[in-house]
Each structure stands twice: as C-alpha cells, then as structure tokens.
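Listed here are the chains, written in short residue letters.
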Amino acid sequence: MGSPVEMHFITARDLLEYLSPLNSAWNSGTHIFRGQGSDQYRLTPSICRRGKGSFAHGSPRKAFSHNYKAQVQYELMVLRQFLLGCDRAGLAVPGYSEQTKASITNTPNIYLSASNPWPQPQMYEMLAVAQHYDVPTRLLDWTERSFVACYFAAASANFVVNSHLDRIAIWALDTSHSKDWKTVKIIRTPGGTSKNQAAQSGLFTTHITDSKRFTEIYQPEALEEVDEIYGESGEQGTLIKMTLPVLQAPALLELCSKLGVDASTLFPGHSGVAQSVRDWAKIEVGVTPTDAFRNDYYGNLHTFDSLPTME
C-alpha cells in the first residue's frame with residue numbers, strides 16, 4: 001500500500017521556490033496541485049464528508065445514506081436542487097437539457113446503472129458548475145498551476161491559530177498513469193464551463209462508484225487512501241504533501257499576489273476584486289494567536305516577544 005510523501009517547509013519563500021515550475025523536480029511526471037487550509041484535512045470530496053461542519057450535518061436524509069447506493073441517491077438529490085434552481089432563475093448550465101431535467105427529476109435510478117458507474121461523463125460539466133458555486137459534489141478541485149494551489153491554501157487558512165503546530169498543505173498528484181486508474185478519474189471540462197475554472201487552470205478528480213458496491217456500508221472516500229494511484233509497487237512520489245506553518249500564510253498570500261496570483265485574477269469580475277481586498281486586509285492584520293497559543297509560548301519561552309513571526 002502506498003502513502004503520500006510529506007515535506008515540511010519553514011518559510012513561504014522556500015515553499016514557493018520548491019513549487020516553482022522552473023524547479024527541475026517537476027520535470028518528471030505530470031502533476032496537478034491542490035491547496036488546503038489545514039494539513040489535517042483529507043483529500044475527500046465535499047459531498048462525501050461526514051461529521052460536524054460538513055454539508056447538511058444533522059439532516060436525517062444524509063444520516064440515513066448508510067450504503068453506497070443511498071449516498072449516490074443523496075448526491076443526485078443535491079445536484080437536482082441546484083439544477084432546478086438554475087432553471088427557475090433562468091441560468092444556463094452547460095450539459096443541462098430538458099432531457100436531463102426529466103430524467104434527474106422523474107427517473108433518477110437511471111444514474112444507478114450497473115453498466116454505467118456514477119458519476120457518468122455526461123454529468124461532468126453540470127457537476128463542475130455546481131462545484132464552482134460551492135454546491136458540494138463528488139468532484140475534488142485541483143489546478144495545473146502550483147502557485148494557484150498556494151493561494152488557495154493560504155487564503156482558506158484560519159488566521160486565528162491555536163498552536164504553533166498549525167500548518168497549511170499543498171498537495172501534488174502525479175497523473176502520468178491516470179489512464180490506468182479504475183476508481184479515480186481525472187476530469188477536465190471545457191474552459192467555457194466556468195470562467196473561474198478557466199482562470200484557475202482548474203480540473204478535478206472524482207471517485208467512481210458502481211453497483212457492485214451499492215449494498216456496502218458507505219465510508220467517506222479519501223484520495224490518499226486509494227491504492228491504485230500509487231501503482232502496483234506502491235511507488236513513492238505519486239502523491240506529495242507539502243506543509244507550511246499557518247504563521248507563514250500571510251507571507252504566502254502576499255508573495256502569491258506579487259506573482260500575479262490573487263483573487264482578482266482567479267475569480268474574474270467584481271466579486272474577485274472584492275475578495276482580493278479582503279485578502280489584503282487579512283495580510284495587514286496577520287495571524288492572531290489565541291490565548292491557548294499565548295499560554296503555550298509563555299510557558300515554554302517566558303515571553304510573548306519570542307513568538308515566531310511571519311517574516
């Protein structure tokens with residue numbers, strides 16, 4: 001069984017230098033990247049997550065999605081709510097047609113076909129649009145640009161930290177052999193599917209579920225636990241997890257902006273510019289330690305002046 005290679009960086013500049021496309025370390029393989037605001041987060045699609053803080057936590061309908069078939073049915077229900085809402089609002093969704101509307105409303109079981117595992121290719125664009133508007137789906141966001149992943153890791157980090165051990169993470173996945181994968185699929189939808197997706201050089205991974213598993217007890221699916229991505233030999237380096245202290249997140253955001261990677265370029269339009277202003281304000285304020293963080297350092301270093309800074 002393979003496992004991710006972990007690399008830990010001290011400063012934002014060190015991380016960016018390593019992740020630079022000019023670094024020869026990235027010459028071999030075809031890597032895609034993902035940034036996460038905590039190194040404790042798993043590579044689990046949003047609709048598959050469970051527990052406090054997850055989408056619709058406490059909903060009886062979600063709670064009773066106890067096997068894989070029920071989970072897929074729940075995913076279809078969430079997607080249907082999004083598509084019908086877009087329909088009522090007069091919003092076009094690539095791939096969505098009157099035929100799709102009829103089938104997803106009246107005969108959703110056709111998407112649970114034994115010969116056509118979920119999700120089907122004809123659903124990819126609809127799922128991609130939903131994903132980009134924060135509707136939870138089975139898709140997991142990635143980018144072909146490493147600095148974009150750095151932005152998302154820093155921007156989504158909690159700037160109120162509880163411990164000096166808090167870290168953000170950037171993941172790199174080598175997709176060179178992805179055509180041989182059966183459970184995990186790489187999805188690239190047309191740039192016209194979403195302006196945000198095009199600006200971010202975005203793409204997705206998804207976990208395929210077929211009817212053979214429908215009666216099995218559902219377990220949230222984490223990409224790092226899928227053996228096939230590591231190959232038969234479980235080779236190291238297929239999946240790399242690079243971490244950085246949250247204390248360095250403001251510095252990483254600022255450096256990404258200097259490289260032309262910020263919300264105004266990644267989210268074309270007024271909302272993206274507004275987000276870039278909020279990011280700028282976060283950089284101005286910096287990381288705020290909690291009382292627990294302060295007490296930890298007072299106890300060990302006897303002075304708050306000894307706290308590590310973001311450079």
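Residues numbered from 1 in each chain as written. Predicted model: local features only at pLDDT ≥ 70, side-chain atom pairs only at ≥ 80, totals over all residues. Heavy atoms only, no water.

**Here's the deal with the overall build of the protein**
Okay, step 1: In terms of regular secondary structure, the protein is built from 11 helices and nine strands.
Okay, step 2: For the protein, whose C-alpha radius of gyration is 21 Å, the value lies close to the compact-globule estimate of 19 Å for 311 residues.
Okay, step 3: Taking the principal axes of the C-alpha coordinates as reference, the protein spans close to 65 × 50 × 40 Å.
Okay, step 4: Every one of the 311 residues in the protein was classed for burial, and the buried ones make up 49%.
Okay, step 5: Considering only contacts within the protein whose residues lie at least 6 apart along the sequence, 76% involve residues at least 24 apart. (Helix = DSSP H or I, 4+ residues; strand = E, 2+ residues; numbered from the N terminus. Rg over C-alpha atoms; globule rule 2.2 N^0.38 Å. Buried < 20%, exposed > 50% of the residue type's maximum accessible area, 1.4 Å probe, protein only. Contact = heavy atoms within 4.5 Å.)

**Some words on the packing of helix α6 (residues 146–155) against helix α8 (residues 249–258)**
Okay, step 1: Here α6 crosses α8 at 140°, and the two axes come no closer than 9 Å. The angle between the axes of α6 and α8 places the two elements in the oblique class. Considering how the two elements wind past one another, α6 and α8 form a crossing that is left-handed. Contacts from F147, C150, Y151, A154 and A155 in α6 reach A249, L252, L253 and C256 in α8. (Axes fitted to C-alpha atoms, helices over the stretch in contact; angles between N-to-C directions. Parallel < 35°, antiparallel > 145°, perpendicular 65-115°, else oblique. Left-handed = near helix turned anticlockwise from the far one by under 90°.)

**What about a nonpolar patch on the surface?**
Okay, step 1: A cluster of nonpolar side chains, contributed by V273, V277 and W280, occupies part of the molecular surface with about 310 Å² of accessible area.
Okay, step 2: Topologically, V273 is positioned in helix α10 (residues 270–285). (Patch = residues over 30% accessible without salt bridge, like charges linked within 9 Å, V, L, I, M, F, W, Y side chains within 5 Å. Areas by Shrake-Rupley, 256 points an atom, 1.4 Å probe, with all protein chains shown as cover. Salt bridge = Lys/Arg side-chain N within 4 Å of Asp/Glu carboxyl O.)

**Considerations on the nonpolar core**
Okay, step 1: L15, L19, C150, Y151, I170, M242 and L252 are the most contacted members of the largest nonpolar core, which has 38 residues in total.
Okay, step 2: Within the residue set of this core, elements represented by two or more residues are α1 (12–19), α6, β5 (167–174), β8 (239–245), α8 and α9 (263–266).
Okay, step 3: The greatest single-element share of this core, amounting to eight residues, is contributed by α6.
Okay, step 4: Judged by nonpolar contacts, the second largest core, of 31 residues, contains L76, I104, L127 and F204. (Core = buried A, V, L, I, M, F, W, Y, C linked by side-chain atoms within 4.5 Å.)

**Side note on the pattern of salt bridges**
Okay, step 1: The final tally for this structure, using the stated rule, is six salt bridges.
Okay, step 2: The closest approach of N and O atoms between D87 and K101, which form a salt bridge, is 2.7 Å. Of this pair, D87 sits in helix α3 (residues 68–88) while K101 sits in helix α4 (residues 98–106), placing them 14 residues apart in sequence.
Okay, step 3: Looking at D87, the relative accessible area reads 34%, which means it is partly exposed.
Okay, step 4: Two residues, R213 and E216, come together in a salt bridge whose shortest N-O distance is 3.3 Å.
Okay, step 5: A cluster of three or more residues bridged by salt bridges with shared partners is formed by E75, R138 and E221.

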